[in-house]
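Breakdown of the fold
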Amino acid sequence: MPLIDYKTALNQAFAEELTRDETVFLMGEEVAEYDGAYKVTKGLWERFGSRRIIDTPISEAAFLGLGVGAAMMGLRPIIELMFWSFAYVGFDQIINNAGCIRYMSGGLINVPMVIRGPANGGTSVGATHSHTPENFLANTPGLKVVAPATPYDAKGLMISSIRDNDTVCFMENTLLYGHRGEVPEGSYTIPLGVADLKREGTDVSFIAYGRALLTALEAAQTLQAEHGISVEVVDLRSLRPLDEEAILNSVSKTHRVLLIDENKPFCGISAQIAAIIAEKAFDQLDAPVLRVTALDAPAIYSAPLEKLQLPNTQRIIAKALTLF
Amino acid sequence: MTAQKNLASSIEDPINNVFTSEQKIAALRDMLRIRRFEQQSFKLYQQEKIGGFLHLYVGQESVAVAAVGLMSGADEMITAYRDHGHALAVGMSMEECMAELFGKATGCSKGKGGSMHFFAPDKHYWGGHGIVAGQVPLGLGLAFALKYKKIPGCALCFLGDGAVNQGVFSESLNLASLWDLPLVFIIENNGYSMGTSLERSSSIEGSLAERAVGFKMEREKINGNNFYELRAKLHNVMERARHQCKPSLLEITTYRYYGHSIADANHKKYRSAEEIHEYQKNHDPIMLWEEQLLKEGVITPSTMESLDQAAKEEVAAAILFAEASPWPEPASIFSDIYSEVDVGSDAAKRGTYFFSDTRL
């Protein structure tokens, strides 16, 4: 199987769907002639032209809203946010319009749109460009949220998201764009709401998504090698819908659980998962549900401190050891 | 210039030359239907049959009716929260609209949207939006989709005078002009953004439509009580949008008789009773249209009476329908959220979509 990076996997997904479905178009800042701020859309403008691949002015609220209106009319917009942090100036369009129109119209209107872009810290760009709003988005019934960690998952989930009849918020990560992995050529889909067991284990379950999944896998290896602890790693991939079954199955198997994500802890994704485990698997637990999240402060600029702020293997290992 | 002269000024416009007597009467009928619907809604709100907010269109009826009368089957339309008039004008039934106000299962949105959120995509009507200016970029999207699909129609995007000071309005003017979208922005200027008068809310050069100037966009100010002028000028900009893909910004002057919403208890404090009375007496769009049609001999005084009677009866029947309709089932709280869940597609078979108890 070809070895390609995360951004190329996404690029292939766009090309597949743009070719397959005339109603798909891609819009955002610098996505066309510039090839994308992070080159995720490289070559698409040359191949599909200005009608399908569209550069916008810096007007997130307007082009997010345009996407909603076009989707109501049966098109399938892929709206790129250069950073998910920029969604905050267009939040009304995402939450009130993409998120609520189907409900408020009694099901008369669908909004089949993908809103995508990187949502991560760790790049020394300060708090305004480092937000991880997946919890805000997943807090809105009507929106779907996915956060793939690997190139394979990114391509399959992107194709599913574009074909989905609801709005999917697709959380990427600039630090993952260059990561390589095996990805089949051609089209394939991964259903939303299905987690993936990235590592089997018996002593403790790590539940993670996005870049934290890779950190969790690294920590799992060290725990096995240095402490003889067998870690199971569940990759959520999709946050809403959420594969509760996969979470509960793993907890029932290992009886210990550590939730790992780069989201902030207060009402973050891990807080929701902790609540689900407390409610549905309390009797299975041999230890409290613990979490490793971003440290609870705005994203700091200074590089060495920012590394501390996001979950790293040391913090994960230290926290995991307290479960035994 | 008297109102009568005003009305006659655009009568010879080509689009008004092909305006048949039947269509003229239909316009009067639709305006009356809206007015009676709104007036009864007001009473029902006071009786607590209707909850939440209720933004009435009384005084502004001519705007939606004239615009809808000019729509082709390829045109699309979207508006803000003062949306009952537009809904009735595009042909939504009084029954489904009244039932929605009551929160009943038979409502146009099954009781899930309420007053501010009426939709009828089959009638090219895309709502009904509660957040000021929130619908404006959606209007862009409607126009974008028409152009993308190579459909020779235009999108009408209605907004209030208060919406022009939201950032997304300016962003949308820029995009519409930059990309040559077939879009008509229609500011229905009723003089007040909630309780703040135009003078206290907007810095303008003559007309709100002048906001188009910096965006290289055509603009026009229209007297909203002059039905012929409305038709003539709207028709021109709609044709420009349809055939040249050029957007326009219109300011249509109008007036609302009631408060911003019924909950607006202050509406007689921020404006005088004389101001309201003067408008009703001299500028009421239904009164002026009726006088014009009488003068043209299109109707007789008895026509007016029978149209009004029919409108009242239609509203009365709609109220009975709404009263008799069932409340939505508790289980319906969880439908119409995710299309995949509703149709039970493969995508919805795995994963949890709702995180509260769903068994009610």
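Sequence order sets the numbering: in each chain, residues are counted from 1 along the sequence as written. Both sets of labels track the order of writing: A upward for chains, 1 upward for ligands. A pLDDT threshold of at least 70 governs which residues receive local features in this predicted model, and a stricter bar of 80 or more applies before side-chain atom pairs are shown or counted, although totals over entire chains, interfaces and linings include all residues. Water and hydrogen atoms were dropped before computing side-chain values, which therefore reflect all heavy atoms in the structure.

Okay, the domain arrangement of chain A next. All names here are of chain A. Domain annotation of chain A identifies domain 1 (3-182) and domain 2 (196-321). Domain start and stop positions are those given by an automatic or database domain assignment. Inter-centroid distance (C-alpha atoms) of domain 1 to domain 2 is 26 Å. Carbon and sulfur atoms make up 56% of the surface buried where domain 1 meets domain 2, a total of about 2000 Å² over both sides. It is Ser124, Asn135 and Ala147 that lose the most area in domain 1 upon contact with domain 2, and together they represent 22% of the buried surface on that side. In the sections that follow, a salt bridge refers to a side-chain nitrogen of Lys or Arg positioned within 4 Å of a carboxyl oxygen of Asp or Glu. Counting across the interface, domain 1 meets domain 2 through two salt bridges. One salt bridge connects Lys198 with Asp153, and the closest N-O pair in it is separated by 2.6 Å. The definition of a polar contact used here is a pair of N or O atoms within 3.5 Å, where within protein one atom must be able to donate a hydrogen and the other to accept one, and adjacent residues in sequence count solely through side-chain atom pairs. Our enumeration of links across domain 1 and domain 2 arrives at 16 residue pairs in polar contact (both at pLDDT 80 or more). Accessible surface is computed with a 1.4 Å probe, and the buried area is the amount of it that two parts give up when combined, taken over both parts together.

Our focus in this paragraph is the packing of helix α3 (residues 21-46) of chain B against helix α4 (residues 61-69) of chain B. Residues and elements named next belong to chain B. Look at α3 against α4: their axes get within 9 Å of each other, and the N-to-C directions meet at 135°. Classed by the angle they form, the pair α3 and α4 counts as oblique. In terms of crossing hand, the pair formed by α3 and α4 is right-handed. Contacts from Ala27, Asp30, Met31, Ile34 and Arg35 in α3 reach Glu61, Ser62 and Val65 in α4. Simply put, an axis is a line fit to the C-alpha atoms, just over the touching stretch for a helix, and the angle between two N-to-C directions goes from 0 to 180 degrees. Numbering of helices and strands runs from the N terminus; a helix is a DSSP stretch of H or I covering at least four residues, while a strand is a stretch of E covering at least two. Throughout this description, any angle smaller than 35 degrees is read as roughly parallel, any larger than 145 degrees as roughly antiparallel, any in the 65 to 115 degree range as roughly perpendicular, and the remainder as oblique. Left-handed describes a crossing in which the near helix is turned anticlockwise from the far one by less than a right angle; the clockwise case is right-handed. Between two residues, a contact is recorded if the distance between any of their heavy atoms is within 4.5 Å.

A few words on a nonpolar patch on the surface. Any residue with relative accessible area above 30% and no salt bridge may belong to a patch, with like charges joined within 9 Å and the nonpolar Val, Leu, Ile, Met, Phe, Trp and Tyr side chains within 5 Å. What sets the accessible areas is the Shrake-Rupley method with a 1.4 Å probe; for residues, cover comes only from the shown protein chains. On the surface, a cluster of nonpolar side chains totalling about 330 Å² of accessible area is made up of Leu295, Ile300, Leu305 and Leu308 of chain A. Topologically, Leu295 of chain A is positioned in the loop between β14 (290-292) and α11 (303-309).

Here the amide bond leading from Arg240 of chain A into Pro241 of chain A is cis, since omega sits at 5°, within 30 degrees of zero. Summarising the element assignment, Pro241 of chain A is placed in the loop between β12 (238-240) and α9 (244-254). Along the chain, Gly127 of chain B connects to Gly128 of chain B via a cis peptide bond; the corresponding omega equals 20°. Among the secondary structure elements, Gly128 of chain B is positioned in the loop between α6 (94-102) and α7 (136-148). Despite not being glycine, His124 of chain B has its phi angle at roughly 65°, a positive value. One can find His124 of chain B in the loop between α6 and α7.

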